[in-house]
Structures are given as structure tokens and as C-alpha cells.
Amino acid sequence: MQRIGVDAVSVERIALAVKRSGRGFLNKVYTPAELAYTGTNSERLAGRWAAKEAVIKCFDGTGICFPRRRIEVLPGPAGAPRVRLLGDHRGARVEVSITHHSGLAVATSHLEMPDIADILLPAPEAVILPDRPRDAHKGTFGTVVVLAGSLGFTGAAYLAGTGAARAGAGLVRLLVAETIYPILAAKCTEVMATPVQEVAPGAVGHAAYDSVLRQLATAEVGVIGPGLGRDRSTWRLILDLALRAECPLVLDADALNALAESARKKTRLGKNRILTPHPGEMARLLGKTTEAIQVDRAGAARRAAKEWGAIIVLKGAHTLVAHPDGRLSEDPHEVPALATGGTGDVLSGVIAALIAQGSDPYTAAVSGVYVHAAAGRRISQRLGDAGLLASDLLPELPLVMHALRQGGL
């Protein structure tokens, strides 16, 4: 973003202000370093006043406000005026020029700064993105296997798989029921759709257990649950995979429903399992009401992590990530635009992609939550708090990750 600001002030007007108000006026407008430079020279004082006003005009409409005394204008090494912003300038770079003509001090200011949407909120301490070595190949960044989708819920499978691809996984294999395979094969390009045995049209069941387990054995991480449906055979498959797969698993949506209804409820799943419930799903996992979960979100996340022996991602404003060892991270984002179908499917893919690239499950969960929310925030700053589609997140994910690797801008 670039802005231009222009201001002019009469030298006589500044001289009169100094005469009337003296040190009170000077100390309100100028820094000690500026006063040491200008002394009582009215032309120099007027030039700095005009420069400060021009800079203030550049920031108009950006949500950033600097009072005059926090804009310091002093000569640079070559004598040209140089601006220093005393405060959080959010990556802004400002240049000014000052001229004098017919008793006027005239200043122009040129502002360059990242677009507001590119400015990231402070990240939790545990947010760390995996390295992307220059000599890498697709095998370097791991394989994600996604088991998702059913009749009427092919979008969930697409979003989870493509979310993993957009977040940097080397390969993504999407396992879907035979009936819906043609839909996903046509819709997915980079993601490799693969048909697996179904027990009913569009429903993957326990008959596919051996083939799915073999696929997971070739992967760094799996995602299970988005749009899988509620067939009893599907839920039996989910439970056996959750307990027996050796690779880390991200369990979302119908996988959480299967866990909540299981006779083996609250079996300790292990620290390489990540559960990503929204408040309603969390209520079912803990046998509580949604209202009770929302009253003490941190307590609910910690309790679920302990009882299930897994990492818990409690979604919502200020999403929480809890580890069975007691660690808890709170995300800084509040993004109402993300409260729409499919965004959680994307999140599951993002977390899995980070694990595939080498992050440990807790770091991946905290970092994935942050990247996902920051992408939603970028979109909502353009569209407002409504109208975001889950698929809108997909192209934003690599932009946020690039910005984060560049230091937040």
C-alpha cells in the first residue's frame, strides 16, 4: 500500500504559536532531539510541523495514528530529512521532503506499508513452521492420507485433502468410497483420489479396514472423519483405525461422533492423535452440554486431553489447543467469518500437512490453528464477517505461511 501526504504551514504562524505558548507548544509537538536541532529557528520548526502533518495524512484510513510528537524528523547523513516513527509502525516506511517558499514551509510525504490484511497478529509461542530446504523434493514434505467423504459430503473430502496440499504436504492421497470416487477424481487435480471398498453407496465401512491401514502405513500422517457419515460400519472402521494405526492421526467431524458414541468411550488414544471438536462435538466427547463447554473452554480442553490422552483442538473464537501433559495454547484470533461449513475440514488438512513436513503433533496443531485463522482474517478484512466460503481459505494458506516465515509481514 502506498500513500502520499502534502501539507503547508506559514512560518509566521509557527513563530506566533511559539511566542504565545512557548515550551508548552514545543514539547507537545516536537521531540527533544528535534528541539536540539531546531532551537528557536521558526523555519526549521515550521518545516517539521508540515512534515509531521503530511505523514499523519498518509496514515489516514489505515487505522494507525501517530501524534506529532511520535513522528521525529531530523536530517539524515546527507542532510535530507529522515522520518522515524516512535511506536508500532507495522512495517511502514516513510520518506519526506521539505521546501520553503514565500514564507511557507511545504512538505510531502510518501508512505509504503504492507496491506493491513498482510499484518499478522502476534503468534503463540508454540507456532513454528517446518523448514522448507532448498534441495527438497516432494518426498521431503511427507505424505498425508485422508479418509473422508460420503454421499452428499464430497466437499468435505475435497477441502480436507486440498487444505493439506495447500499447506505444503508433498503428497496427498484421498481415500473415498467407490460410489463417490468419480466425483472426487474429477474435482481433485493435485490430490490423488483413490477408491476404497464401500458397504453401502457412498459409505466406507469396516470391510476397507485392511486396505486403509496399508495406505496409512505409507504415510507420515492421516486425517479421518470429514464427511464420512454415520453408518455403523463406518464408525467401527474409524474406531479401529484410531486405536491401531501407527502414524499420527487428525480426527475430525464424524470421527469425533464415532468416538463419542463408542462403547470404548474415553479410551486413551495417544499423544499422536489430534481431536478437533467444535463446542457441540466437545460436549458429546465429555458428556456435557454445549453451554457448559463454553463457560469454561480451557477447563474443558484440558479435561478432554487428559481423559482421551490426546491433543485437543477446541475450535471457536480464541481456539484452544490442549496437550495431555498440561500444556495449553490460546490462539489470538476472533474470526466470525470462519463460522461456516467446511472450514474445519480445511483445518484438519492444514494440521496434517504440518505433521507430514516434520512438526510434532502439538506444534502442528497450534501452528495450523494460527495459519488457518490468519487466512480467515485476511479474507474477512476484504469481505466482512459474512460471505466467506471454506474454499476461499485454500489460496490464502500459502500466503499466510510465507508471511509468517518472513517475520509476520
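Coordinates for the structure precede this section.
(A) Structural context of the sheet that holds strand β6 (residues 143-147). Overall, mixed pairing links the 9 strands, which are arranged β8-β7-β6-β11-β12-β13-β14-β15-β16 in an open sheet. Two strands in the sheet have a free side with no partner beyond their single neighbour: β8 (192-196) and β16 (328-330). Going from strand to strand, the sheet's axes swing by 20 degrees on average, the running direction of each strand aside. Here helix α13 (residues 343-356) sits on the sheet and contacts β6, β11 (221-224), β12 (249-251), β13 (273-275) and β14 (311-314); the angle it forms with β11, its principal contact strand, is near 170 degrees.

(B) Spotlight on the pairing of strand β3 (residues 81-85). Strand direction decides the pairing type here: strand β2 (residues 71-75) and β3, joined by 5 bridges, are antiparallel. The residue bridging Pro-75 from the neighbouring strand is Pro-81, located in β3. Between β2 and the antiparallel strand that follows it, β3, lie 5 residues; Gly-79 among them carries a positive phi value of about 100 degrees.

(C) Seen up close, the packing of aromatic side chains. If you walk through the whole model with that rule in mind, you get 3 aromatic pairs. For the ring pair Phe-25 and Trp-49, a centre distance of 5.9 Å and an interplane angle of 25 degrees mean the geometry is stacked. Linking Phe-25 in helix α2 (residues 23-29) with Trp-49 in helix α4 (residues 42-58), this pair joins segments that are 24 residues apart in sequence. In textbook terms, an aromatic cluster arises when at least three aromatic residues are bridged by ring pairs, as seen for Phe-25, Tyr-30 and Trp-49. When the ring centre of Tyr-158 is taken as origin, the NZ or CZ atom of Lys-187, which lies over that ring, is 4.5 Å away.

(D) Quick peek at the pattern of salt bridges. Scanning all chains against the criterion turns up 11 salt bridges. One salt bridge in this structure joins Asp-240 and Arg-244, with 3.9 Å as the shortest N-O distance. On the criterion of helical spacing, the pair formed by Asp-240 and Arg-244 is a turn pair, its members being 4 residues apart in helix α8 (residues 232-244). The class for Asp-240 is buried, based on a relative accessible area of 7%. Note that Arg-327 and Asp-325 form a salt bridge whose closest N and O atoms lie 3.0 Å from each other. The class of Arg-327 is partly exposed, set by a relative accessible area of 39%.

(E) Molecular detail of unusual backbone geometry. Backbone geometry at Ser-102 places phi at a positive 55 degrees, although glycine is not the residue there. For Ser-102, the location among the structural elements is in the loop between β4 (93-101) and β5 (104-112). A positive phi angle, near 55 degrees, is found at His-318, a position not held by glycine. For His-318, the position within the fold is in the loop between β14 and β15 (320-322). Taking the relative accessible area as the measure of exposure, His-318 reaches 24% and is therefore partly exposed.

So, how was this worked out
- Residues numbered from 1 in each chain as written.
- Predicted model: local features only at pLDDT ≥ 70, side-chain atom pairs only at ≥ 80, totals over all residues.
- Heavy atoms only, no water.
- Pairing = 2+ DSSP bridges.
- Helix = DSSP H or I, 4+ residues; strand = E, 2+ residues; numbered from the N terminus.
- Axes fitted to C-alpha atoms, helices over the stretch in contact; angles between N-to-C directions.
- Contact = heavy atoms within 4.5 Å.
- Phe/Tyr/Trp six-rings, centres within 6.5 Å; stacked < 30°, edge-to-face > 60°.
- Lys NZ or Arg CZ within 6 Å of the ring centre and 35° of its normal.
- Salt bridge = Lys/Arg side-chain N within 4 Å of Asp/Glu carboxyl O.
- Buried < 20%, exposed > 50% of the residue type's maximum accessible area, 1.4 Å probe, protein only.

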